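Listed below, chain by chain, are the residues.
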Amino acid sequence: MTLPAGWTARRPTLDDASAILKVVHAADTFAVGYPDFDAEDVREALTAPFLEPGRDSWVVTDPDGVVVAWAILNNPTGVGREFVEVYVDPERGEALRAPLLARQLDRIAERAAERRLPALTARTAVFAPETRWAAELDEAGFTRVKRYVRMTRSLADLPAEPPPPPGMTVRLLRPDDEADLREFHRIFDAAFRDTPDYEPVGFDRWREALPSSGKVWDEWFVAEVDGKPAGALQSSDQALEQDMGWVKTLSVLPAYRRRGVGAALLRRAFAVYAGKGRTSAGLGVDLANPTTPVTLYRSVGLREVRWTDMYERTVAAAVS
């Protein structure tokens, strides 16, 4: 990668976390209008279980040693697709995005060879203002494959939570109960099997990725119909800086769809978020999902606020 005189590309360390965060905040503000990352997110990315910081990530610094760009690979399960994240200071680092992408694609080729695979799929996201990035991805051989929509609703006017349909109950997940955790995972896995791009993850790997603290366990719910598990909702604290409760996954078993399970889980989550003083609730939806969840989400007051496009290309394994 050719850099201006005095600029340097090197591998990051945890000591770079605060400097990286400034770049990510600048990039997020340009892309979505506000910072959407915190210091803990940076640290978790740099210490992810399937990441080699000395091989899978880069920072670029200017002549004064200021970090102006950060690139990292993300594969939370160690299987399936590789996600390429390239953050740049929009005022100073736009020209760095394409060469950093090229470096990361070379690394994905190496990772494919290390896993003895003929190729790996690379993906990355594009937000509406990122027209230059979209053009650079086109030039690098990527294709737009799907669109995600972010939906939110205000909790200021949240109506009282109605009782669930007859025979249905919604309760908290019991995180200290291994059997309940396994049931939650089973519901999640079975519910997403018929959605595009779903990559099954076994219970042990799924459990490893669970929150290390209990700060959001009281926002995870299980729905039962006539005493049998029917659905589950997993919350995340990823939007707390926007004072928002965030639904990470909503899972309803096929046999119980269109029976009010999803709506009951969402209404319970919204009530809990509001009880904690959150001002809004949100989630992301894959428009390629055949279960047409947008209709459900609109029925509980969620509305579309922005979109994100996902771009993809195949990267052949490196030849040694």
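Residues numbered from 1 in each chain as written. Predicted model: local features only at pLDDT ≥ 70, side-chain atom pairs only at ≥ 80, totals over all residues. Heavy atoms only, no water.

Under the annotation held in an unreviewed UniProt entry, the protein carries the name GNAT family N-acetyltransferase and is attributed to Micromonospora globispora.

Draft legend 1. Fine view of the pairing of strand 2 (residues 57–61). Counting buried residues in strand 2 gives five out of five residues, a clear majority hidden from the surface. Side chains Ser57, Val59 and Thr61 of strand 2 all project onto a buried face; the interleaved residues Trp58 and Val60 project onto the opposite face, where all are buried too. Sheet topology places strand 1 (residues 8–10) next to strand 2; three bridges connect them, and they run antiparallel. Its bridge partner being in strand 2, Thr8 is matched across the sheet by Thr61. Once strand 2 ends, the chain turns through five residues before running back antiparallel as strand 3 (residues 67–74), passing Gly65 with a positive phi of about 85°. (Buried < 20%, exposed > 50% of the residue type's maximum accessible area, 1.4 Å probe, protein only. Helix = DSSP H or I, 4+ residues; strand = E, 2+ residues; numbered from the N terminus. Pairing = 2+ DSSP bridges.)

Draft legend 2. Highlighting the UniProt feature "domain: N-acetyltransferase" (unreviewed entry) in the protein. Residues given the UniProt feature "domain: N-acetyltransferase" (unreviewed entry) here are residues 7–165 and 168–320. For residues 7–165, the end-to-end C-alpha separation is 62 Å, with 35% helix and 28% strand making up the annotated structure. (UniProt positions renumbered as here; feature names shortened; annotations may be inferred.)

Draft legend 3. Quick look at the sheet that holds strand 11 (residues 280–286). The strand order 1-2-3-4-5-12-6-11-10-9-8-7 describes an open sheet built from twelve strands, whose pairing is mixed. What marks the edges here is a single partner per strand, and that holds for strand 1 and strand 7 (168–172). Sheet twist, expressed as the average angle between the axes of neighbouring strands with direction ignored, equals 25°. Bridge count between strand 3 and strand 4 (residues 82–88): six bridges; the pairing is antiparallel. (Axes fitted to C-alpha atoms, helices over the stretch in contact; angles between N-to-C directions.)

Draft legend 4. Representation of the pattern of salt bridges in the model. Going through the model one piece at a time under the given rule, you end up with 35 salt bridges. Close ionic contact of Arg55 with Glu114 constitutes a salt bridge, the shortest N to O distance being 2.8 Å. Remark: Glu114 occurs in helix 4 (residues 97–114) and Arg55 occurs in helix 3 (residues 53–56); sequence separation between them is 59 residues. Note that Glu219 is salt-bridged to Arg278, the shortest N-O span being 2.8 Å. With Glu219 in the loop between helix 7 (203–208) and strand 8 (221–225) and Arg278 in the loop between helix 8 (261–275) and strand 11, this pair connects stretches of sequence that are 59 residues apart. Of the two residues, Glu219 and Arg278, neither departs from the other in class, the shared state being buried. When salt bridges with common partners are traced through the structure, they connect Glu52, Arg55, Asp56, Glu82, Arg107, Glu110, Arg111, Glu114 and Arg115 into a single cluster. (Salt bridge = Lys/Arg side-chain N within 4 Å of Asp/Glu carboxyl O.)

Draft legend 5. Structural view of the nonpolar core. One finds Trp206, Leu233, Val261 and Leu266 to be the most contacted residues of the largest nonpolar core, which totals 47 residues. Per-element tally for this core: the top contributor is helix 8, with eight residues. If we skip the residues at most four places from it in the chain, Val261 touches Met168, Ala223, Val225, Ala230, Gly231, Val252 and Tyr256. Among the nonpolar cores identified, the runner-up in size contains 26 residues, and Val86, Leu100, Ile108 and Phe142 belong to it. (Core = buried A, V, L, I, M, F, W, Y, C linked by side-chain atoms within 4.5 Å. Contact = heavy atoms within 4.5 Å.)

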